[in-house]
Amino acid sequence: MPADILTYEQAQQIYFKAPLDGYYCDGKLYGLPHEFNLENGGALVNPALFEKHGVAYPTVETFADMIADAQK
C-alpha cells in the first residue's frame with residue numbers, strides 16, 4: 001500500500017518505529033520500509049535520476065561501477 005494512502009498511524013500498526021521513522025518527516029509519511037538483504041548484493045535505485053544525469057540504466061556490474069555512477 002503506497003504511503004499516500006496509508007497514514008503514519010496505520011503504518012505504526014504494521015512496521016517497527018525505527019525503520020518507519022526513516023520515511024517520516026515534518027508530519028508526512030514519504031515511503032514505507034521494506035526488508036532488504038544486503039548479503040544478496042543489491043541496491044535500490046531511482047531510474048529517473050539515472051536519466052536526468054545521463055547515466056545509462058542499468059550499468060552497474062561491480063561495486064566500483066556503482067560508486068562511479070553515484071559520483072556522476
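(A) Here's a closer look at the overall build of the protein. On a plain count of helices and strands, the protein comes out with 4 helices and 2 strands. Going through the 72 residues of the protein one by one, you find that 17% of them count as buried. A separation of at least 24 residues holds for 15% of the contacts in the protein among residues at least 6 apart in sequence.

(B) Representation of the packing of aromatic side chains. For the structure shown, the criterion picks out 1 aromatic pair. Residues Y8 and Y24 carry aromatic rings whose centres are separated by 3.7 Å and whose planes lie at 20° to one another, so their mutual orientation is stacked. With Y8 in helix α1 (residues 8-12) and Y24 in strand β1 (residues 24-25), this pair connects stretches of sequence that are 16 residues apart.

(C) Structural detail: the pattern of salt bridges. Throughout the structure, instances matching the rule amount to 1 salt bridge. Residues D21 and K17 are paired through a salt bridge, measuring 2.5 Å at the closest nitrogen-oxygen approach. With D21 and K17 both in helix α2 (residues 17-21) and 4 residues apart, this pair spans about one turn of that helix.

(D) Expanded view of the environment of F16. Along the chain, F16 falls in the loop between α1 and α2. On a C-alpha basis, the gap between F16 and P33 in space is 9.1 Å, while along the polypeptide they are 17 residues apart.

(E) Just unusual backbone geometry, in detail. Of note, D26 is a non-glycine position whose phi angle comes to about 50°, a positive value. With respect to the secondary-structure elements, D26 resides in the loop between β1 and β2 (28-29).

(F) Highlighting the environment of L20. Within the element layout of this structure, L20 appears in helix α2. Residues L20 and G31, spaced 11 residues apart in sequence, show a C-alpha to C-alpha distance of 8.3 Å. What L20 contacts, discounting residues up to four positions off in sequence, is Y8, A11, Q12, Y15, L29 and P33.

Conventions used here
Residues numbered from 1 in each chain as written. Predicted model: local features only at pLDDT ≥ 70, side-chain atom pairs only at ≥ 80, totals over all residues. Heavy atoms only, no water. Helix = DSSP H or I, 4+ residues; strand = E, 2+ residues; numbered from the N terminus. Buried < 20%, exposed > 50% of the residue type's maximum accessible area, 1.4 Å probe, protein only. Contact = heavy atoms within 4.5 Å. Phe/Tyr/Trp six-rings, centres within 6.5 Å; stacked < 30°, edge-to-face > 60°. Salt bridge = Lys/Arg side-chain N within 4 Å of Asp/Glu carboxyl O.

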